[in-house]
Amino acid sequence: MAILEDLAAEVIKGDADAAKNLTEEALSQNTSAADILNLGLVAGMNVISKQFKNNEIFIPEVLVAARAMKAGMQIIRPLLAEANVEPLGKIIIGTVGGDLHDIGKNIVAMLLEGAGFEVVDLGADVPKEKFLEFAEKENPDVLGMSALLTTTMVFMKDMLEALEESGLKDKIKVIVGGAPITQSYADEIKADGYAPDAASAVDLVKSVMGN
Ligand code: B1M
């Protein structure tokens, strides 16, 4: 449908006003919220995700595209809930306790949302208790932790042990990322996965969920 291709193109361009207008126009033409999501907003963000992974675009372009995607999402979110359109899965994500770096985590959250996941973003400097509280009450498929400091990455090990002790680890996959994190560290602390960048994090979430 041409209007959804135009919507995807506006997301890629990062024009939030145009994305909002086209979302409204598509709805007025009786396009379903699910098609607007999948063939318009998510389709646009998928292109952004690939371009970011290939270093064809950089953080500012991702941020403006995500803003355009969100402008459309705001309009269709209540309609998706009414139509029982299920997200691909639910992720809770946060930057670990003691760590204020949230730029990378925000990009990961935006690309996940853009790929069709429900994202509960706990913010930065998230204490263990808060991760546990939300892991329990939100019943997520995946818990994601970001750390940018060598002094805070150890939090991830404590968190995995706390999830194990609370019995939640069996139900939730845990993924980790951030500049000082490596695959071997993820293996060492028994995380379910590690992603070096935000686009890979989307693929990783799909793969740990068995998709
Ligand atoms: Co800070 N800082 N900083 N800092 N800071 C670094 C990280 C540092 C490497 C700078 C340096 O010394 N060269 C260094 C860490 C050294 C170390 O531990 N090895 C450092 C330090 C030391 C500090 C302070 C201690 C400085 C001080 O006060 N003495 C202090 C700590 C504060 C705290 O957290 N308690 C501090 C503070 C800050 C600011 C607040 C000023 C600011 C953060 C603002 C904010 O985030 N809102 C800041 C910044 C901006 C940086 C640098 C310059 C940039 C970080 C960034 O945003 N990168 C950074 C140096 C650098 O990297 N050049 C530095 C861009 C971002 C898109 O990349 O976060 O790696 P990144 O995310 C990527 C991937 O890692 C991955 O995907 C993202 C996108 O592709 N990814 C995931 C991230 N999370 C993921 C989660 C996943 C999967 C993938 O799954 C869940």
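Here is a short report on the structure shown in this document.

## Structural notes on the sheet that holds strand E5 (residues 193–194)
Taken together, five strands build an open sheet; the order of strands is E2-E1-E3-E4-E5 and the sheet is parallel. Two strands lie at the open edges of the sheet, namely strand E2 (118–121) and E5, each paired on one side alone. The sheet contact formed by strand E1 (residues 90–95) and strand E3 (residues 142–146) spans five bridges and is parallel. In the strand pairing of E3, Gly94 is matched with Met145.

## Points about the coordination of the cobalt atom of the ligand
Within the protein, a single donor atom binds the cobalt atom of the ligand, namely His101 (NE2) at 2.1 Å. Summarising the element assignment, His101 is placed in the loop between E1 and helix H5 (103–114).

## A word on the environment of Val108
Looking at the element boundaries, Val108 is found in helix H5. Judged by its relative accessible area of 16%, Val108 is buried. The sequence separation of Val108 and Val120 amounts to 12 residues, and the corresponding C-alpha distance is 12 Å. For Val108, the contacting residues outside a window of four places in its chain are Ile93, Ala198 and Ala201.

## Details of the site of the ligand
Taken together, 27 residues surround the ligand, and among them Leu100, His101, Asp102, Ser146 and Thr150 come closest. Measuring from a nitrogen atom of the ligand, one finds a backbone N or O atom of Gly98 at 3.0 Å. Here an oxygen atom of the ligand and a backbone polar atom of Thr150 are 2.9 Å apart. Of all the elements in the fold, those that place two or more residues in the shell around the ligand are H5, E3, strand E4 (173–177) and helix H9 (198–208). A per-element tally of the shell around the ligand places H5 first, with four residues. In terms of residue class, the shell around the ligand is built from 16 nonpolar, eight polar and three charged.

## Details of the nonpolar core
Residues Leu41, Met45, Ile76 and Leu111 are the most contacted members of the largest nonpolar core, which totals 46 residues. Looking at this core, the elements that each hand over two or more residues are helix H1 (2–13), helix H2 (16–28), helix H3 (33–53), helix H4 (59–82), E1, H5 and H9. Examining the composition of this core, we find that nine residues originate from one element, H4, more than from any other. Each of domain 1 (2–82) and domain 2 (90–208) gives at least three residues to this core. Not counting residues within four places of it along the chain, the set of residues in contact with Leu41 comprises Leu7, Val11, Thr23, Ile36, Met69, Gly72, Met73 and Ile76.

## Quick word on the packing of H1 against H2
Contact pair H1 / H2: the axes reach a minimum separation of 9 Å and the direction vectors enclose 160 degrees. Between H1 and H2, the angle falls in the class roughly antiparallel. Taken as a pair, H1 and H2 cross one another with a handedness that is left-handed. Residue-level contacts link Ile3, Leu4, Asp6, Leu7 and Glu10 of H1 to Ala18, Ala19, Leu22, Thr23, Glu25 and Ala26 of H2. Here the residues of the contact of H1 with H2 sort into seven nonpolar, one polar and three charged.

Calculation criteria
Residues numbered from 1 in each chain as written. Predicted model: local features only at pLDDT ≥ 70, side-chain atom pairs only at ≥ 80, totals over all residues. Heavy atoms only, no water. Pairing = 2+ DSSP bridges. Helix = DSSP H or I, 4+ residues; strand = E, 2+ residues; numbered from the N terminus. Donors = N, O, S within 2.8 Å, 3.2 Å for Na, K, Ca; no water. Buried < 20%, exposed > 50% of the residue type's maximum accessible area, 1.4 Å probe, protein only. Contact = heavy atoms within 4.5 Å. Near = heavy atom within 4 Å. Polar contact = N/O pair within 3.5 Å; in protein donor to acceptor, adjacent residues only side chain to side chain. Nonpolar A, V, L, I, M, F, W, Y, C, P; charged D, E, K, R; others polar. Core = buried A, V, L, I, M, F, W, Y, C linked by side-chain atoms within 4.5 Å. Domains from an automatic or database assignment. Axes fitted to C-alpha atoms, helices over the stretch in contact; angles between N-to-C directions. Parallel < 35°, antiparallel > 145°, perpendicular 65-115°, else oblique. Left-handed = near helix turned anticlockwise from the far one by under 90°.

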